[in-house]
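This is what each chain is made of:
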Amino acid sequence: MTSNDVDVIVVGGGIGGLSNALALTRKGLRVRVLERAQEFGEVGAGLQIAPNCTRILDRWGLLDEITSLGVLPENIVMKDAVDGSVLTRLDLHDVERRYGFPYMVIHRSDLHGTLLRACREAGVDLVTDVAVTGYEQAPGGAVAVHDGGGEHGAVVIAADGLHSVARRILSDDEPVNSAYVAYRGAVPFDRVADLDVHTKDVVVYVGPRCHFVQYPLRQGEMFNQVAVFESGRALAGEADWGTPDELDAAFEGACEQVRAGLPLMWRDRWWRMFDRDPIMNWVSGRIVLTGDAAHPPLQYLAQGAVMAIEDAWVLSEHVGGAGGDWDAALAAYNAVRTEHCRRVLTTARAWGELWHHDGDKRLWRNGVLRGRDVHDYAYVDWLFGPTALTPEQEPPMFRTG
Ligand code: FAD
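Cut-offs used in this document
Residues numbered from 1 in each chain as written. Predicted model: local features only at pLDDT ≥ 70, side-chain atom pairs only at ≥ 80, totals over all residues. Heavy atoms only, no water. Helix = DSSP H or I, 4+ residues; strand = E, 2+ residues; numbered from the N terminus. Rg over C-alpha atoms; globule rule 2.2 N^0.38 Å. Buried < 20%, exposed > 50% of the residue type's maximum accessible area, 1.4 Å probe, protein only. Phe/Tyr/Trp six-rings, centres within 6.5 Å; stacked < 30°, edge-to-face > 60°. Lys NZ or Arg CZ within 6 Å of the ring centre and 35° of its normal. Pairing = 2+ DSSP bridges. Axes fitted to C-alpha atoms, helices over the stretch in contact; angles between N-to-C directions. Contact = heavy atoms within 4.5 Å. Near = heavy atom within 4 Å. Polar contact = N/O pair within 3.5 Å; in protein donor to acceptor, adjacent residues only side chain to side chain. Areas by Shrake-Rupley, 256 points an atom, 1.4 Å probe, with all protein chains shown as cover. Nonpolar A, V, L, I, M, F, W, Y, C, P; charged D, E, K, R; others polar.

Visitor: Quick one: what's the story with the overall build of the chain, residue by residue and with numbers?
Guide: Looking only at helices and strands, one finds 13 helices and 18 strands in the chain. Rg of the C-alpha trace for the chain: 21 Å, near the compact-globule value of 21 Å for 401 residues, within the 12% margin. Referenced to the eigenvectors of the C-alpha coordinate spread, the extents of the chain come out at roughly 60 × 45 × 40 Å. Split into buried and exposed, the 401 residues of the chain put 58% on the buried side.

Here is the structure:
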């Protein structure tokens, strides 16, 4: 067993794991990341990151680099997927003025690559091809167990995603199948130049049991699309669900702008969408959950990676540096993050239901959204404001009056 040469073991080198490694190394701790893949990397396309995330990236000195790689859109526009009409929007210049930091869209691999480079520069020990199979408490810390033995740290941070091995120590829950599936596709911008697309906005078309998202990436050189729909075969309990024939059928009733974008989706892979019920304890001795291992959401609020980055910042602020009181830091982290993320998980489910209404409910939803004052931030203040370090700092979920 390796020991004493590092303070912290992080299991998983996704956005969550690297963020923890970076934040704690910057506090003077020696951190090792164990990633099961052969190489560090991210699969997928675009990612929306709200001001509660860009604020933290700024504190880590990464915001300029991230901004040079991403796009600062002008609006988030919500449209009806059936008739293409505008329902409401968020003015993102206004958002930046209100929260002090921008709302950005960025290629996942660019955000991950920036974190990886920053980890390397900070001196994080980055290890690939190590799959952690179990965890043990140990004197003065905990051990992440793998085929080659184990790695001891004063703390082991499990950032091992939706199917986390570490989560089994704390809960016997399983991922919850939403029966929805996502198709993605990021293409060079010239592939959409002749289509009726917004070049400077995030656009979300919401429709019956489906939605479609579009936004520019990489300073406008690329265009990102996400098509999400409920699979009838998933609901029927069939194993083979979410296939391209279901994609085509799901959007048959969509407006022309949506249907024009569908042929550009990647059709050789798709992402079945699972979340988990919230759990209110992420700490067992010196083993702690973070990111999707702790709180995998449905993606409707675009806060999954954002919450992972917030987790890292909050934990590192409570640890405060080498020689800090780990038990107190873990308790403080658990006290504030579990409740915030519980709210995000349950709100994301409700927000998705609203998006996917049909019939009279769809008409009601459209009326409510059209009637919304576009400068009303009651529903996003609790998300986009500064990340709370204590439960007392956590803003009310929705401001009234
Ligand atoms: P992961 O990205 O799952 O990383 C886990 C890492 O751990 C992986 O590298 C894996 O290989 C490694 N690992 C797993 N098991 C082991 C093991 N046993 N040993 C060693 N290593 C292991 N979020 C946003 O903030 N904004 C968005 O716009 C957004 N859009 C989304 C759109 C879609 C369609 C989906 C599906 C998700 C979206 N999300 C978004 C959510 C976001 O992608 C995730 O919440 C985020 O990537 C979670 O990061 P993580 O590091 O916690 O987990």
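Visitor: Mind laying out the packing of aromatic side chains, listing which residues take part and the relevant values?
Guide: Inspection of every chain in the model, using the stated rule, returns 13 aromatic pairs. Between the aromatic rings of Trp382 and Phe398, the centroid separation amounts to 6.2 Å while the plane-to-plane angle is 85°, which identifies the pairing as edge-to-face. Of this pair, Trp382 sits in helix 13 (residues 381-384) while Phe398 sits in the segment after helix 13; the two residues are 16 residues apart in sequence, bridging distant segments of the chain. Against the face of Trp271 rests Arg184, its NZ or CZ located 4.3 Å from the ring centre. Lying across the ring of Trp266, Arg269 places its NZ or CZ 4.5 Å from the centre.

Visitor: Residue-level account of the sheet that holds strand 8 (residues 132-138), with values.
Guide: Read from one edge of the open sheet, 3 strands run 8-9-10, paired in antiparallel fashion. Looking at which strands have only one partner, the edges of the open sheet turn out to be strand 8 and strand 10 (149-153). Here the strands of the sheet are splayed against their neighbours by 25° on average, with no regard to which way each runs. For strand 9 (residues 141-146) and strand 10, the ladder comprises 5 bridges, and the chain directions are antiparallel. Looking at the pairing, Val143 lines up with His152 of strand 10.

Visitor: Describe the environment of Ile287, with residues and values.
Guide: Relative to the helices and strands, Ile287 is located in strand 18 (residues 287-289). The class for Ile287 is buried, based on a relative accessible area of 3%. Taking C-alpha positions, Ile287 is 19 Å from Glu339, a pair spaced 52 residues apart along the chain. Every residue in contact with Ile287, bar those within four places of it in the chain, is listed here: Tyr135, Glu136, Gln137, Ala142, Val156, Ile169 and Trp282.

Visitor: Which residues make up the site of the ligand, and what values go with them?
Guide: Close contacts around the ligand come from 29 residues, with Gly16, Glu35, Gln48, Arg108 and Asp292 the closest. Ile15 is positioned such that a nitrogen or oxygen atom in its backbone is 3.4 Å from an oxygen atom of the ligand. In the environment of the ligand, an oxygen atom lies 2.6 Å from a nitrogen or oxygen atom belonging to the side chain of Glu35. Isolated, the ligand exposes 1,000 Å² of accessible area, and the fraction of that covered by the protein chains is 85%. Listing elements by their share of the shell around the ligand, those giving two or more residues are helix 1 (15-26), strand 3 (46-49), strand 12 (176-188) and helix 10 (304-319). Residue composition of the shell around the ligand, by class: 12 nonpolar, 10 polar and 7 charged.

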